[in-house]
Amino acid sequence: MKSFLNLAIAALLAAPAGAAMADAFGSGGMGAITITLIDLDPNDGIAPSLSFADGFNLQMSGYVRAATPNEDIYREFSRVGASATTSIASGSSTAWSSASGSATAVAGVGYGPMSVQGSALSGVDTSGVFYSLIYGSGAQFTLSAHTAISFSVDGWAHGQTTLGGDPETGFDESGGAVLQLELGGTAPDGSLLWDRQQGAAVARYALDANGLVTGTTEDWAGRLTVSYANLGDGSADGLFLARLSASGYSVAAVPEPQSAALLLGGLGAVGLMARRRARRA
């Protein structure tokens, strides 16, 4: 019996811990901006016109983090375009997380094609986090009287998790990206009008028919358009902004249900054998 008991204990100790690994991903992008002018009063003798102010620049910021049993690593990154035509790229990484992005500056409107991406991994007692953001100081413009303007862009976003999360166990995971456009301009009474549009994909977790937690994949692709109409008799000032970000985090799961059941069953068997041996002694 003793040799069988030792064999059972050895087999139990040799079994894998079974803690589920997890990964989260997020990425997104947008293409070139399309600007459209519409003459709201063709008979007023005013030709539709648009002019951009100086002083625009693209900016990027972000960070990665990895928490392990031995250390907590946190790294930031940032870039600022030197001028309205300076493109930027940056990023950082750890063994458990990464984040990066790039953007092309365009004269006038400033914003051009952008992309961001990142990943967060996790294991036993280890978690990863990432965040990457591209934005601009805002494209200031002056629009002619009785003229409408629209800014359009094609974009996409992707988010993916492998195991998702479960609030009852404290395990959670998320990954995705968000594209935002904003356009503001003055109304005839001097108030400020805003048009905001957003496209996003954020993956978290789902429960299957058996009640088990599973990861998910989310995608978005489409065209965003923001508009403003200057209904006044004089020119009006406006501001256009674009913002693209990707973020995610992954935290190690508790042992998988199958592994937990195996572990408890093995401990129960060992305990039962120990009690039987004690009675026979």
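Residues numbered from 1 in each chain as written. Predicted model: local features only at pLDDT ≥ 70, side-chain atom pairs only at ≥ 80, totals over all residues. Heavy atoms only, no water.

Some remarks on the overall build of the protein
Consideration 1: Scanning the protein from terminus to terminus reveals two helices and 17 strands.
Consideration 2: Taking all 281 residues of the protein together, the buried fraction comes to 39%.
Consideration 3: Partitioning the contacts of the protein with sequence separation of at least 6, the portion at a separation of at least 24 is 74%.
Consideration 4: Carbon and sulfur atoms provide 54% of the accessible area of the protein, an area that totals close to 14100 Å². (Helix = DSSP H or I, 4+ residues; strand = E, 2+ residues; numbered from the N terminus. Buried < 20%, exposed > 50% of the residue type's maximum accessible area, 1.4 Å probe, protein only. Contact = heavy atoms within 4.5 Å. Areas by Shrake-Rupley, 256 points an atom, 1.4 Å probe, with all protein chains shown as cover.)

Quick notes on the environment of aspartate 233
Consideration 1: Considering the arrangement of structural elements, one finds aspartate 233 in the loop between strand 16 (217-230) and strand 17 (236-251).
Consideration 2: With sequence-adjacent residues up to four places away left out, aspartate 233 is seen in contact with Ala145 and His146.
Consideration 3: There is a polar contact of 2.9 Å between the side chain of aspartate 233 and the side chain of histidine 146. (Polar contact = N/O pair within 3.5 Å; in protein donor to acceptor, adjacent residues only side chain to side chain.)

Quick look at the packing of aromatic side chains
Consideration 1: In this structure the tally under the stated criterion is seven aromatic pairs.
Consideration 2: With 6.4 Å between their ring centres and 70° between their planes, phenylalanine 52 and phenylalanine 141 make a pair best called edge-to-face. Of this pair, phenylalanine 52 sits in strand 3 (residues 50-52) while phenylalanine 141 sits in strand 10 (residues 139-143), and the two are 89 residues apart along the sequence.
Consideration 3: Among the aromatic side chains, those forming a connected cluster through ring pairs are Phe52, Phe56, Tyr111, Phe141, Phe151 and Phe240. (Phe/Tyr/Trp six-rings, centres within 6.5 Å; stacked < 30°, edge-to-face > 60°.)

Brief notes about the confidence of the model for the protein
Consideration 1: Confidence in the prediction of the protein, expressed as mean pLDDT, is 83, and 79% of residues score 70 or more.
Consideration 2: Below pLDDT 50 for its whole length, residues 1-19 participates in 22 contacts with residues either more than four positions away or in separate chains. (pLDDT = per-residue confidence, 0-100.)

Some words on unusual backbone geometry
Consideration 1: In the Ramachandran plot, histidine 146 falls in the positive-phi region, its phi being about 55° despite a non-glycine side chain.
Consideration 2: Inspection of the secondary structure puts histidine 146 in the loop between strand 10 and strand 11 (147-161).

A few points about the nonpolar core
Consideration 1: Core analysis: the largest hydrophobic core is formed by 39 residues, its most contacted members being Tyr111, Met114, Phe151 and Phe240.
Consideration 2: Here this core gets five residues from one element, more than from any other, and that element is strand 17. (Core = buried A, V, L, I, M, F, W, Y, C linked by side-chain atoms within 4.5 Å.)

Things to note about the pattern of salt bridges
Consideration 1: Summed over all chains, the structure comprises three salt bridges.
Consideration 2: Between arginine 65 and aspartate 72 there is a salt bridge; the shortest N-O distance is 2.5 Å.
Consideration 3: Of the residues examined, arginine 65 reaches a relative accessible area of 38% and is grouped as partly exposed.
Consideration 4: Close ionic contact of arginine 223 with aspartate 154 constitutes a salt bridge, the shortest N to O distance being 2.8 Å. Of this pair, arginine 223 sits in strand 16 while aspartate 154 sits in strand 11, placing them 69 residues apart in sequence. (Salt bridge = Lys/Arg side-chain N within 4 Å of Asp/Glu carboxyl O.)

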